[in-house]
Amino acid sequence: MLHLSRKLELCRHVNPSLLVPSFQFSFSIITNKRAAEQSCLSLLQDCNSTSKISQIHNRILKLGLHNNVLVLTKFTSTCSDLNAVDYATSFLFPPNADSSTYDAFLFNTIIRAYSQTGDSKTRSVYYFKLMLDCGILPNKFTFPFVLKACAGIGFMNLGLQVHGLVLKLGFDHDLHVGNTLIHMYCCVRDVEYACKVFDEMPKSDSVTWTAMISGYTRLGMSSDAVELFRKMQIFKIRPDEITMISVLSACTDLGALELGKWVESYIEKENIPRTVELCNASIDMFSKTGDINRAMKLFRGMSKRTIVSWTSMISGLANNGQGSEAISMFEEMKEAGIAPDDVAFIGILTACSHSGLVEEGRKWFDSIRNEYSFEPKIEHYGCMVDLFCRAGLIEEAEQFVKKMPFKPNSIILRTLITGCRVHGKFRLGESITKELIRIEPMQESNYVLLSSIYAKTMSWENKTLIREAMDKKGIRKVPGSTMIEIDNRIYEFVSGDKSHYESDEIYKMLDEMGREMKRAGYVSITSEVLLDIDDEDKEDALNRHGEKLAIAFALLKTPYGTPIRVVKNLRVCFDCHSAIKFISKVYNRQITMRDRNRFHHFTNGICSCKDFW
Ligand code: ZN
Ligand code: ZN
């Protein structure tokens with residue numbers, strides 16, 4: 001090493017005039033480069049249209065900034081903001097590129113951009129892999145984006161691999177990463193893994209709980225969703241509007257109006273922001289749990305409405321048997337300048353059907369194509385078949401089905417069969433039911449339908465044949481279950497249920513109900529029972545259907561006059577439907593039943609479905 005004094009001496013021998021300009025020169029390169037970089041960055045900052053992107057790109061190339069990581073990253077994020085991330089990725093990674101030009105931030109920008117659009121989620125994962133191939137370690141911002149993409153793609157294995165990497169790099173303690181892991185596992189329908197991540201997270205926030213609750217709701221595990229929401233309060237974690245949307249949707253699924261009302265008052269009390277989406281969820285809950293008036297009150301109170309708000313109301317009114325109100329709501333929506341979508345048309349056609357407005361229905365159906373220029377879907381055709389069948393126009397319905405551009409699905413065939421049954425066209429009903437059994441051979445309820453038609457025509461031998469056919473195919477009965485909500489608790493009853501702690505009282509009540517109903521003129525419809533047992537036993541088997549047990553329980557537990565609400569997972573049987581009509585009259589109770597297909601509002605011996613379901 002040269003001694004300092006020697007260095008100084010050497011410097012003296014150097015011509016100062018040579019030294020100074022060269023120093024100035026290198027300084028000017030730096031300042032020019034900085035200036036160029038700054039000018040590109042500020043151009044990108046102000047860039048608000050895709051047309052300017054290529055101009056800026058040319059400038060970057062001209063200034064030799066194509067390897068400048070700061071500029072490249074800003075360029076990519078600008079492209080991403082303008083939905084043009086493809087432009088950036090088209091030149092960013094040429095073969096043999098020097099990977100030291102890239103960093104995690106750049107990749108995160110790309111992975112995030114692709115994770116947000118529906119059909120490019122696989123690209124998000126592709127760039128995640130490229131990031132690893134370039135030797136760049138993902139950070140805590142990378143994982144939420146790539147997990148979101150995995151959730152959208154829905155491949156369990158992919159998600160598992162990314163989760164493995166999360167653990168390896170020690171990001172499993174990161175709150176945001178944990179939250180997206182739960183979301184991802186729920187999306188790929190692996191609730192067990194989602195729960196495991198949830199349970200093992202060292203910290204949690206409202207997003208964590210919401211991810212788990214909405215996961216449960218989406219997977220149809222509504223009771224678990226409600227249970228977790230209760231736990232959330234015990235842990236004093238404040239839910240937000242997204243949580244409440246999921247909880248409301250769980251209540252809707254459970255048909256739990258009382259619980260739904262409680263959730264509503266909770267939203268009020270906790271001042272949770274009433275976004276349009278939250279209001280829509282409340283409207284949906286009230287109209288699907290049978291309290292259409294409350295739904296209407298909420299709808300009228302909304303300052304801003306979306307098409308979902310309108311269609312929820314239209315369908316709600318139609319399904320609750322208020323056809324003409326649904327039609328005026330539809331007209332009101334059009335006057336408000338909102339063009340009806342296919343859901344709105346399902347609502348209006350259902351309304352016409354429930355109100356027997358055949359001509360109106362035909363007019364609306366034609367207007368889908370003529371006025372609104374879209375092709376009616378199979379659901380719209382289904383509504384028309386329902387409309388004709390209810391009105392007793394069975395032949396017209398049959399012709400309509402023959403002319404459809406689709407093959408009829410099981411819903412349409414079932415509607416036709418119901419029409420035949422109600423309007424006494426048993427021969428036609430029989431042949432359509434056989435067709436239905438051909439396309440759905442394992443569906444038990446189809447055999448029940450055929451059996452009930454044979455019972456009407458007194459073809460007892462054929463009934464035995466059905467029983468044999470079912471045994472041969474090994475068709476198992478889907479266990480019917482009825483849920484009832486009393487004092488904010490949900491009770492479930494299956495057929496012949498004796499598991500309830502007050503089972504003895506319930507069966508005593510059931511006997512009493514039987515006597516009262518018979519006095520009022522009720523005769524059990526034993527054709528519902530397929531088992532080869534004599535009539536007295538059949539009556540007994542029918543008597544033990546879950547809905548009757550649930551109603552007996554409600555009569556025991558609730559004060560006189562309280563409305564009763566039950567939810568059944570299958571279609572209600574003919575006998576229960578007839579029995580509930582009598583119960584509503586004898587015990588003077590309003591009974592609302594939601595079965596697999598629709599609402600039945602029983603009052604004073606009459607059902608809102610007018611015996612067509
Ligand atoms: Zn029944
Ligand atoms: Zn009914």
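Residues numbered from 1 in each chain as written. Chains lettered and ligands numbered in written order. Predicted model: local features only at pLDDT ≥ 70, side-chain atom pairs only at ≥ 80, totals over all residues. Heavy atoms only, no water.

Peer 1: Describe the pattern of salt bridges, with residues and values.
Peer 2: Tallying each qualifying case throughout the model produces 23 salt bridges. Among the salt bridges present, the one from aspartate 86 reaches arginine 123, with a minimum N-O distance of 2.7 Å. Pair noted here: aspartate 86 is in helix H5 (residues 85–92) and arginine 123 is in helix H7 (residues 121–133), with a separation of 37 residues, a long-range link. One continuous salt-bridge network, built from bridges that share partners, spans Glu264, Glu268 and Arg274. (Salt bridge = Lys/Arg side-chain N within 4 Å of Asp/Glu carboxyl O. Helix = DSSP H or I, 4+ residues; strand = E, 2+ residues; numbered from the N terminus.)

Peer 1: Describe helix H28 (residues 503–519), and please don't skip the residues or the numbers.
Peer 2: Side chains that are three or four residues apart share a direction in an α-helix, a result of its 3.6 residues per turn. The terminal C-alpha atoms of H28, which comprises 17 residues, lie 25 Å apart, in line with the 24 Å expected from a rise of 1.5 Å per residue. Looking at H28, one finds that the buried residues are Ser503, Ile506, Tyr507, Met509, Leu510, Met513, Gly514 and Met517. For H28, the angular spread of buried residues about the axis comes to 155°, placing them on one side. Projecting away from the buried face of H28 at angles above 90 degrees are the exposed residues Asp504, Lys508, Arg515 and Arg519. Within two residues after H28, glycine 521 carries a phi angle of roughly 110°, on the positive side. (Expected span 1.5 Å × (residues − 1). Buried < 20%, exposed > 50% of the residue type's maximum accessible area, 1.4 Å probe, protein only. Arc of directions from axis to C-beta.)

Peer 1: Provide a residue-level description of the packing of helix H25 (residues 426–439) against helix H26 (residues 444–456), including the pertinent values.
Peer 2: Relative to each other, H25 and H26 sit at 160°, their axes nearing to 10 Å. With respect to each other, H25 and H26 are oriented roughly antiparallel. Judged by the sense of rotation from one axis to the other, the crossing of H25 with H26 is left-handed. On the side of H25, the interface is formed by Phe426, Gly429, Glu430, Thr433, Lys434, Leu436 and Ile437, while H26 contributes Asn446, Tyr447, Leu449, Leu450, Ile453, Tyr454 and Lys456. (Axes fitted to C-alpha atoms, helices over the stretch in contact; angles between N-to-C directions. Parallel < 35°, antiparallel > 145°, perpendicular 65-115°, else oblique. Left-handed = near helix turned anticlockwise from the far one by under 90°. Contact = heavy atoms within 4.5 Å.)

Peer 1: Describe the environment of aspartate 511, with residues and values.
Peer 2: Within the element layout of this structure, aspartate 511 appears in helix H28. C-alpha separation for the pair aspartate 511 and threonine 415, spaced 96 residues apart in sequence, amounts to 34 Å.

Peer 1: Let's hear about the coordination of the zinc ion (ligand 2): which residues, and what values?
Peer 2: Protein coordination of the zinc ion (ligand 2) is provided by His577 (NE2), His600 (ND1), Cys607 (SG) and Cys609 (SG), with donor distances spanning 2.0 to 2.3 Å. Each of the 4 donor atoms around the zinc ion (ligand 2) contributes to a set of angles spanning 103 to 115°, which defines the coordination as tetrahedral. Sequence spacing of the donors to the zinc ion (ligand 2): H-x22-H-x6-C-x1-C. Here cysteine 609 falls in the buried class, since its relative accessible area comes to 1%. (Donors = N, O, S within 2.8 Å, 3.2 Å for Na, K, Ca; no water. Tetrahedral: all angles 85-135°; square planar, octahedral: opposite > 155°, others 65-115°.)

Peer 1: Which residues make up the nonpolar core, and what values do they have?
Peer 2: By size, the foremost hydrophobic cluster in this structure holds 131 residues, and its most contacted members are Phe143 and Ile182. Leave out the neighbours within four places in its chain, and phenylalanine 143 touches Phe128, Pro138, Val162, Leu165, Val166, Leu169, Phe171 and Val177. Core analysis: the next-biggest nonpolar cluster, separate from the first, contains 35 residues, Ile506, Tyr507, Leu555 and Cys609 among them. (Core = buried A, V, L, I, M, F, W, Y, C linked by side-chain atoms within 4.5 Å.)

Peer 1: Just give me the short version of the sheet that holds strand S6 (residues 606–607), but keep the residues and values in it.
Peer 2: Strand order across the open sheet formed by 6 strands is S2-S1-S3-S4-S5-S6, with mixed pairing between neighbours. Strands at the two margins of the open sheet, each flanked by one partner only, are strand S2 (489–494) and S6. Looking at chain direction, strand S4 (residues 591–594) and strand S5 (residues 599–603) are connected through 4 bridges and run antiparallel. Bridge pairing in S5 places arginine 594 opposite phenylalanine 599. (Pairing = 2+ DSSP bridges.)

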